[in-house]
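# Architecture and fold: a report
Residue-level listing of the chains:
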Amino acid sequence: MKIMIVDDHQGIRLVLKKHLELAISDQYEVIECESGEEAVKEYMLHDPNCVLMDFELIQMNGYQASEIILRQDPKAKIIMVTSHDILSMRKKAAKLPIVDFVSKENLSELAPILNTLLNKK
């Protein structure tokens, strides 16, 4: 199993990796990206089971990167993760067929989402 973490802050990527350790009991590999451009490129190379995508990234934001990834792979499973949980971002993210939208302040919400998502056959 492969999980891609896309965030421009190394500290947040580390925090998300710690949450993955708590949420997932199976073996998994983490692919880290620090930009939307890198995420688009690496997604096609690694074909991850799930992407944790920061909404606010420099240059190509998480919404734009998700849009491109979903065009290339409509079955991509993307969870939008952001520190600015505001209604306008949720509405914009809802326009894409993403799995969910999680605030960085409530990362405990990730475990049940990931378990449900990754345990589906």
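### With respect to the packing of aromatic side chains
Scanning the entire structure with this criterion turns up 2 aromatic pairs. On the numbers, 6.5 Å between centres and 45° between planes, the contact of F55 with Y63 is tilted. Owing to a relative accessible area of 6%, F55 belongs among the buried residues under this scheme.

### Notes on helix α5 (residues 110-119)
Buried within α5 are the following residues: L110, I113, L114, L117 and L118. Down the axis of α5, the buried side of the element spans an arc of 110°, and every buried residue falls inside it. Here the buried face of α5 lies against β1 (2-6), α1 (10-23), β3 (50-54), β4 (78-82) and β5 (100-103).

### Observations concerning the pairing of β1
The element β1 is extensively covered by neighbouring structure, given that 4 of its 5 residues are classed as buried. The handedness of the β1 to strand β2 (residues 29-33) crossover, carried by α1, is right-handed. Direction of pairing for β1 relative to β3: parallel, over a ladder of 4 bridges. Bridged to M4 within β3 is V51.

What counts, and at which threshold
- Residues numbered from 1 in each chain as written.
- Predicted model: local features only at pLDDT ≥ 70, side-chain atom pairs only at ≥ 80, totals over all residues.
- Heavy atoms only, no water.
- Phe/Tyr/Trp six-rings, centres within 6.5 Å; stacked < 30°, edge-to-face > 60°.
- Buried < 20%, exposed > 50% of the residue type's maximum accessible area, 1.4 Å probe, protein only.
- Helix = DSSP H or I, 4+ residues; strand = E, 2+ residues; numbered from the N terminus.
- Arc of directions from axis to C-beta.
- Contact = heavy atoms within 4.5 Å.
- Right-handed = clockwise from strand over helix to strand, strands pointing away.
- Pairing = 2+ DSSP bridges.

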